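Fold and geometry: a report
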Amino acid sequence: MTAVTQPRVLTVRRSLRVARVGTVAFLVLNLAAVQVMFAAAGPAKNLPGTIGRLLGLYLALAMALQLLLVARLPIVDRAYGMDRLTGWHRWTGMAIFWLALAHPAFVLLGFARLDGTSFLATMVSLAKQPPVLLGMIAAGLILVIVVLSVRVARRRLSYETWHAIHLLLYVVVALGVLHQVYEGTAFRVNLLTQVYWWGLWAFALGALLTGRLIVPLLRNARHQLRVGAVVSESDDTVSVHIVGRDLDRLPARAGQFFLWRFPGHHKWWRANPFSLSAAPNGRTLRLTAKGVGATSAGLRDLPIGAKVYAEGPYGAFTAAHRTRGATVLIGGGIGVTPIRALLEDPELTGHVVVLYRVRSAQDAVLLGELRNLADVRRARLHVLAGRSAAGYQPFEPEQLLALVPDITARDVYVCGPDALTTAVLNSLRRLRVPGRQVHAERFRLAG
């Protein structure tokens, strides 16, 4: 490492450790606070009502935490990476789903027992109260979002449609907050509980507005991003070069991605995650995409000078997370874009081996650039061409070990389609490569 790079990497790694400790502490403290609030409020008039009250507290906390995940706080994103945060987002969403079913079910059961009426009659009666009705509508919208997010349904939806459906989350939050204002008896036990609870929600909403609206607006106003060039890489792949002002002050790193919008040429809600396909140089940014969706297919038609709106950068697929002196970079298909950027990154020092998986040599996008970069930094590049259906499995443990005999002593970066990434990760586990040395970016985020 150079004298300039070493202090910067050490500083970044220290900040990552602080961010991880802070995240865990924040979660633990809030879980403890919920238990304290529940104890301070005391039990309801029967057991189902008491259970319903506790579940309601956890539901509200889960919704606030989901907002913080959606806010994509840079400090948390850099510490854990968008892949892991996406997993947490999914699991938190499922927790919200089950809590949104269980909380009203136990509350209604408690009231039904008190009134001596049926569950259905109680539900109809309470639905006449506006605060309760708002909560029921919110629960129904949560059901819609979750059903359309399961894997089978997700595969049938375009990224743009799936993204638009998730905008319902903000409606759910608004309805949930209104429901808490009128029905949240546990939040109003004393002044301390009120300050804590609404302070938490103010923080979550403030983080959301700051991370997803204010910072992107200010950053785009400052950098004035525009299309500088559009280059066809193959029949179905195109690179877009982005120019702007003060790009040397944009905190982007090789391996990261942005959510890109192209106002005037695509609908405003069409935002796609495309990785940087070249290391940021302070003058231009470049993305490379394959035409598989409405947005990516239309990139080829972007005029020079077209306005660009970018949200990010996101992701922890960077050299800052390295733990060893040597590296293996594994890319598949268009997932090679962040791999190519990392290969160019001066912070990725030490010996590098690149494994590029494609169906045929003709499908190897940016291959010329990869070869040039590999020559410059004396890296080894293996193009693994062949069809899996024909029995070609280059990422079996034995094949990986043959290609990289010292793979257990290296950091391994993996980006590609889900099937490829899963196969590589399974083989790495079988080879006993330590988890801290494995860095994966799923194809769905890398573009």
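About the criteria used
- Residue indices begin from 1 for each chain and proceed along its sequence in written order.
- Thresholds applied to this predicted model are a pLDDT of at least 70 for local features of residues and 80 or more for the giving and counting of side-chain atom pairs; totals over whole chains, interfaces and linings are not thresholded and use all residues.
- Excluding hydrogens and water, the side-chain values take into account all heavy atoms of the structure.
- Any two of the Phe, Tyr and Trp rings considered here, Trp counted by its six-membered ring, make a pair once their centres fall within 6.5 Å; the pair's planes then place it as stacked at under 30 degrees, edge-to-face at over 60, or tilted in between.
- Strands are runs of DSSP state E lasting at least 2 residues, helices are runs of H or I lasting at least 4, and numbering of each runs from the N terminus.
- Charge-over-ring placement is defined geometrically: NZ (Lys) or CZ (Arg) within 6 Å of the ring centre, and within 35 degrees of the ring normal.
- Lining residues are those with an atom within 4 Å of a point, where the points come from a 1 Å grid over the protein atoms alone and group into cavities, where a 1.4 Å probe fits but cannot get out, or pockets, open sets with protein on both sides within 12 Å along at least five of seven lines.
- Grid points are joined across faces, edges and corners, and a volume is the space filled by probe spheres set on the points.
- Every angle, taken between N-to-C directions, lies between 0 and 180 degrees, and every axis is a line fitted to C-alpha atoms, over only the stretch in contact when it is a helix.
- By definition, turning the near helix anticlockwise from the far helix through less than a right angle yields a left-handed crossing, and turning it clockwise yields a right-handed one.
- In what follows, residue pairs with any heavy atoms lying within 4.5 Å of each other are defined as contacts.
- Here, any two strands with at least 2 DSSP bridges between them count as paired.
- By definition here, a salt bridge exists when the distance from a side-chain nitrogen of Lys or Arg to a carboxyl oxygen of Asp or Glu is within 4 Å.
- Here's how the labels work: a residue is buried when its accessible area is under 20% of the maximum for its type, exposed when over 50%, partly exposed in between, all with a 1.4 Å probe on protein chains only.
- Each angle receives one of four descriptions, namely roughly parallel if under 35 degrees, roughly antiparallel if over 145, roughly perpendicular if within 65 to 115, and oblique otherwise.
- Note on residue classes: Ala, Val, Leu, Ile, Met, Phe, Trp, Tyr, Cys and Pro are nonpolar, Asp, Glu, Lys and Arg are charged, and everything else, Gly too, is polar.

Throughout the structure, instances matching the rule amount to seven aromatic pairs. Geometrically, the ring pair formed by F257 and Y314 is tilted, given 6.0 Å between the ring centres and 55° between the ring planes. Of the two residues, F257 sits in strand 3 (residues 257–261) while Y314 sits in strand 6 (residues 309–314), which places them 57 residues apart along the sequence. Here the basic side chain of R72 rests over the ring of Y314, its NZ or CZ set 5.2 Å away from the ring centre.

Moving on, we come to empty space enclosed by the protein. Empty space among the atoms becomes apparent when a probe as large as a water molecule is rolled across them. Per the counting criterion, the structure on display carries one cavity of 30 Å³ or more. A volume near 50 Å³ is recorded for the largest cavity. Lining the largest cavity we find R219, N220, H223, L225, L250, F258, A310 and G312. Within the residue set of the lining of the largest cavity, elements represented by two or more residues are helix 10 (191–223) and strand 6.

Moving on, we come to the packing of helix 2 (residues 47–71) against helix 9 (residues 168–183). Relative to each other, helix 2 and helix 9 sit at 145°, their axes nearing to 11 Å. Considering only the axes of helix 2 and helix 9, their crossing is left-handed. Across from A60, M63, L67 and V70 in helix 2, the residues of helix 9 making contact are L169, Y170, V172, V173, G176 and Q180.

Let us now look at the sheet that holds strand 2 (residues 237–243). Taken together, the three strands give an open sheet; going across it, the order is 1-2-5, and neighbouring strands pair in antiparallel fashion. With one partner strand each, in any of the chains shown, strand 1 (226–232) and strand 5 (284–290) form the two edges of the open sheet. Neighbour-to-neighbour, the strand axes of the sheet open up by a mean angle of 20°, direction not taken into account. By the bridge criterion, six bridges tie strand 1 to strand 2 in an arrangement that is antiparallel. Its bridge partner being in strand 2, A229 is matched across the sheet by H241.

A separate point is unusual backbone geometry. P313 follows G312 through a cis peptide bond whose omega is 5°. If you trace the backbone, P313 turns up in strand 6. Of note in this structure, L366 is not a glycine but carries a positive phi near 60°. Here L366 is to be found in the loop between strand 8 (352–358) and helix 13 (367–377). A positive phi angle is found at R378, which is not glycine, with a value near 55°. With respect to the secondary-structure elements, R378 resides in the loop between helix 13 and strand 9 (380–385).

Our focus in this paragraph is the pattern of salt bridges. Evaluated as defined, the whole model comprises 10 salt bridges. In this structure, E396 engages R430 in a salt bridge whose closest nitrogen and oxygen atoms are separated by 3.9 Å. Here the residue E396 occupies a position in the loop between strand 9 and helix 14 (397–403), and R430 occupies one in helix 15 (residues 418–430), the gap between them amounting to 34 residues. Using a relative accessible area of 32% as the deciding quantity, one classes E396 as partly exposed. R410 is paired through a salt bridge with D406; the nearest N and O atoms lie 2.9 Å apart.

At a minimum axis separation of 8 Å, helix 6 (residues 130–147) and helix 9 run at an interaxial angle of 155°. Taken together, the axes of helix 6 and helix 9 are roughly antiparallel relative to one another. In terms of crossing hand, the pair formed by helix 6 and helix 9 is left-handed. Every residue of helix 9 that contacts helix 6 at P131, V132, L134, G135, I137, A138, L141, I142, V144 and I145 is listed here: L168, L169, V171, V172, L175, L178, H179, Y182 and E183. For the contact of helix 6 with helix 9, the per-class residue count stands at 16 nonpolar, two polar and one charged.

Worth remembering: the numbers are spatial, not functional.
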